[in-house]
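# Summary of structural features
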Amino acid sequence: MSRPFRIAIVAGEASGDLLASHLIAALKARLPQLSFFGIGGPKMMAQGFTAWWPMEKLAVMGYVEVLKRYREIAGIRRDLKARLLQDPPDLFIGVDAPDFNLGLEADLKARGVTTLHYVSPSIWAWRGKRIHKIAQAVHRVLALFPMEPPLYEKAGVPVTYVGHPLADQIPLHTDKKEARAKLNLPLEGTLYALLPGSRQSELEYLADTFVQTARLIHQLQPQAIFLVPLATRETRLQFETAIYKQQVANLPFRLLFGHAQDAMGAADVVLVASGTATLEAALVKRPMVITYKLSPTTYRMMKKRGYLPYVGLPNVLAGRFLVPELLQDEATPENLAQALVNLASDPRVASYLEGEFTRIHEQLRQNTAARAAEAVIACLPS
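Let me sum up the structure you'll find in this document. Positions within a chain are numbered from 1, following the residues in the order the chain's sequence is written. Given that this is a predicted model, residues contribute local features only at a pLDDT of at least 70 and side-chain atom pairs are listed and counted only at 80 or more, while totals for whole chains, interfaces and linings are drawn from all residues. To get the side-chain values, all heavy atoms of the structure are used, and hydrogens and water are removed first.

So, on to unusual backbone geometry. In this structure, D96 takes a positive phi of about 55 degrees despite not being glycine. Even without a glycine there, the phi angle at Q328 is positive, about 50 degrees. Owing to a relative accessible area of 10%, Q328 belongs among the buried residues under this scheme. Three exposure classes are used, based on accessible area relative to the maximum for each residue type with a 1.4 Å probe and protein chains only: buried under 20%, partly exposed in between, and exposed over 50%.

Shown next as structure tokens:
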């Protein structure tokens, strides 16, 4: 492996940027001559990745929302495919973003390019039939969760369980007072962390609801503080606009740029949009309420195809409802505020959840980046 191998990667959102950046760092530690290019985010670029397009172009959630941007996204995939086929990489890695990546991977595989998919699509939740498309598109799947490999093995798809990098990164115990001190917050008193998502499309549906929920909690607990970590200037502006519209600028909101993990660590309870952040909250060992809203059309389509009664990763990994999920029409400010106040008022539940979340943490802690790097290197041409 002396020649400089070239690896193309496509990551479509913040969680994929994190996964891919850890993988790139682990690969470069083993093979410094590797080069990486494609579609990615700032964490990948900090590791030397060359972004032909920024990942924000792909960060859209839901059928209706994707349709609005379909022409632009389809154009990017067409141009990327042409560029990769004209000068094929030694390996292609699609990081999550299955709606974008699987079709691209199938085309590349058909032309002789080795393809890996890092992060299994949610075949255990609502897209079981997709496993046949995955089999046609990739040479190997790198799976983050322990319930996934048996499904792929049954279907004859090569798979490697690598665990989840957040479980390696986050300590088994997060000290609440240390987290508060880091953010210059009061060491005593009730703090709620509100995480309405990292995409603008998520804030469109959730920002007003989160602000109204905080207003109701404030009426019951006037001393409570609300931490709101936001990923971008755009999402911060969306949340500030919701505060202005609801005329609640007097509420004790603390808006943060990033620092989501610190905010969760400092909080007593977390309100979190369904997604990777729910896993992060579990690894920080904080009680949470999981919520989500989509367009009514998108939600009906997803619910019709769902296999499990829950969508949040802590509940999926536990195989039962550990924490409340209030989705779509149930995600009213009244319901959310009541569920959050109930959790904040019950230390027995917090203690129980800490034990359950610790078991999940230990199961996922597998030195993910090194495992994934070994699987990738094994797929490079000899």
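Take the packing of aromatic side chains next. Aromatic rings from Phe, Tyr and Trp, taking only the six-membered ring of Trp, are treated as a pair when their centres fall within 6.5 Å; an angle between ring planes under 30 degrees marks them as stacked, one over 60 as edge-to-face, and anything in between as tilted. In the structure shown here, the tally under the stated rule is four aromatic pairs. Arranged with centres 5.0 Å apart and planes meeting at 25 degrees, the rings of F37 and W52 form a pair that is stacked. Note that F37 is positioned in strand β2 (residues 35-40) and W52 in strand β3 (residues 50-54), a separation of 15 residues in sequence. For F37, a relative accessible area of 7% puts it in the buried group. Taken together, a centroid distance of 5.8 Å and an interplanar angle of 45 degrees make the contact between F226 and F253 tilted. Highlighted residues: F226 in strand β9 (residues 225-230) and F253 in strand β10 (residues 253-257), separated in sequence by 27 residues. Side by side, F226 and F253 carry an identical accessibility label, which is buried. Counting every residue linked through ring pairs, the aromatic cluster contains Y192, F226, F239 and F253. Helix numbers and strand numbers start at the N terminus; a helix is a DSSP run of H or I with at least 4 residues, a strand a run of E with at least 2.

All right, on to the packing of helix α5 (residues 98-110) against helix α6 (residues 130-137) then. At a minimum axis distance of 8 Å, the contact between α5 and α6 shows a crossing angle of 40 degrees. Put simply, α5 runs oblique to α6. Contacts between α5 and α6 involve P98, D99, L102, G103, E105, A106 and K109 from the first element and R130, K133, I134, A135, Q136 and A137 from the second. Of the residues assigned to the contact of α5 with α6, the class counts are six nonpolar, two polar and five charged. In this analysis an axis means a line fitted to C-alpha atoms, helices contributing only their contacting stretch, and an angle means the value between N-to-C directions, from 0 to 180 degrees. To sort the angles, those under 35 degrees are grouped as roughly parallel, those over 145 as roughly antiparallel, those from 65 to 115 as roughly perpendicular, and the leftovers as oblique. The contact criterion used throughout is that any non-hydrogen atoms of two residues lie within 4.5 Å. Residue polarity follows a fixed list, in which Ala, Val, Leu, Ile, Met, Phe, Trp, Tyr, Cys and Pro are nonpolar, Asp, Glu, Lys and Arg are charged, and the others, Gly among them, are polar.

Now for the side chain of K293. Mapped onto the secondary structure, K293 falls in the loop between β12 (288-292) and α14 (296-304). When charges are counted, neither His nor the chain ends are considered; positive counts come from Lys and Arg and negative counts from Asp and Glu. The rule for a salt bridge is simple: a side-chain nitrogen of Lys or Arg has to be within 4 Å of a carboxyl oxygen of Asp or Glu. Buried and unpaired, K293 has no salt bridge, with D329 as the nearest side chain of opposite charge at 7.3 Å. Here a polar contact is recorded for every N or O atom pair within 3.5 Å, except that within protein the pair must consist of a potential hydrogen donor and a potential acceptor, and residues adjacent in sequence are included only if both atoms are side-chain atoms. Side chain to side chain, K293 and T209 meet in a polar contact 2.8 Å long. Of note is the side chain of K293, whose polar atom sits 3.3 Å from the backbone oxygen of A331. Those residues in contact with K293 that sit more than four places away from it in its chain are Y205, L206, T209, Q328 and A331.

Moving on, we get to the pairing of strand β5 (residues 115-118). If a strand is regular, its side chains alternate between the two faces of the sheet. Covered by surrounding structure in β5 are T115 and H117 together with L116 and Y118, the residues of both alternating faces. Inspection of the sheet shows strand β4 (residues 91-95) paired to β5 by four bridges, in the parallel sense. Within the sheet, the bridge partner assigned to G94 lies in β5 and is H117. In this fold, β4 hands off to α5, which returns the chain to β5; that crossover is right-handed. DSSP bridges decide pairing: two strands pair if at least two such bridges lie between them. Handedness of a crossover: with both strands directed away from the viewer, a clockwise path from the first strand across the helix to the second marks it as right-handed.

Strand order across the open sheet formed by seven strands is β3-β2-β1-β4-β5-β6-β7, with parallel pairing between neighbours. Lying at the two open borders of the sheet, with one neighbouring strand each, are β3 and β7 (159-161). The mean angle between the axes of side-by-side strands here comes to 15 degrees, regardless of whether they run parallel or antiparallel. This element, helix α18 (residues 368-379), spans β1 (6-11), β4, β5, β6 (140-143) and β7 of the sheet and lies at about 165 degrees to β5.

With that out of the way, let us pick up α6. Among the residues of α6, those classed as buried are R130, I131, I134 and A137. What you see down the axis of α6 is that its buried residues fit within an arc of 120 degrees, all on one side. What points out from α6, more than 90 degrees from its buried face, is the exposed set H132 and Q136. Against the buried residues of α6 lie α5, β5, β6 and α7 (149-154). The reported arc concerns the directions from the helix axis to the C-beta atoms and nothing else.

Moving on: the sheet that holds strand β8 (residues 191-195). Pairing is parallel in the open sheet, where six strands are placed in the order β10-β9-β8-β11-β12-β13. With partners counted over all chains shown, the strands left at the sheet margins are β10 and β13 (325-327), one partner each. Averaged over all neighbouring strand pairs, the angle between strand axes comes to 20 degrees, with direction disregarded. Sheet topology places β12 next to β13; three bridges connect them, and they run parallel. Pairing of I290 across the sheet is with E325, part of β13. In the packing of helix α11 (residues 233-246) onto the sheet, contacts are made with β9 and β10, and the angle to β10 comes to roughly 165 degrees.

Quick look at the nonpolar core now. Ranked by internal contacts, the top residues of the largest apolar core, which has 68 residues, are I7, I9, I93 and Y118. The residues touching I7, leaving out its near neighbours within four places in the chain, are L27, L34, S35, F36, F37, L91, I93, V376 and L380. Counting 35 residues, the second largest nonpolar core, distinct from the first, contains V228, V269, L271 and L336. The definition of a nonpolar core used throughout is a set of buried Ala, Val, Leu, Ile, Met, Phe, Trp, Tyr and Cys residues joined through side-chain atoms within 4.5 Å.

Where charged atoms of side chains with opposite charge meet at close range, the side chains can pair. Under the counting rule described, the total for this entry stands at 13 salt bridges. Between E13 and R199 there is a salt bridge, with the nearest N and O atoms lying 2.6 Å from each other. Placement of E13 in the loop between β1 and α1 (14-30) and of R199 in the loop between β8 and α10 (200-220) is noted, with a sequence separation of 186 residues between them. Given a relative accessible area of 23%, E13 falls into the partly exposed group. For R199, a relative accessible area of 9% puts it in the buried group. Salt-bridge contacts for D268 lead to R180; the nearest nitrogen and oxygen are separated by 2.8 Å. Separated by 88 residues along the polypeptide, D268 in the loop between α12 (260-266) and β11 (269-273) and R180 in helix α9 (residues 176-182) bring together distant segments of the chain. Assessed through its relative accessible area of 1%, R180 is described here as buried.

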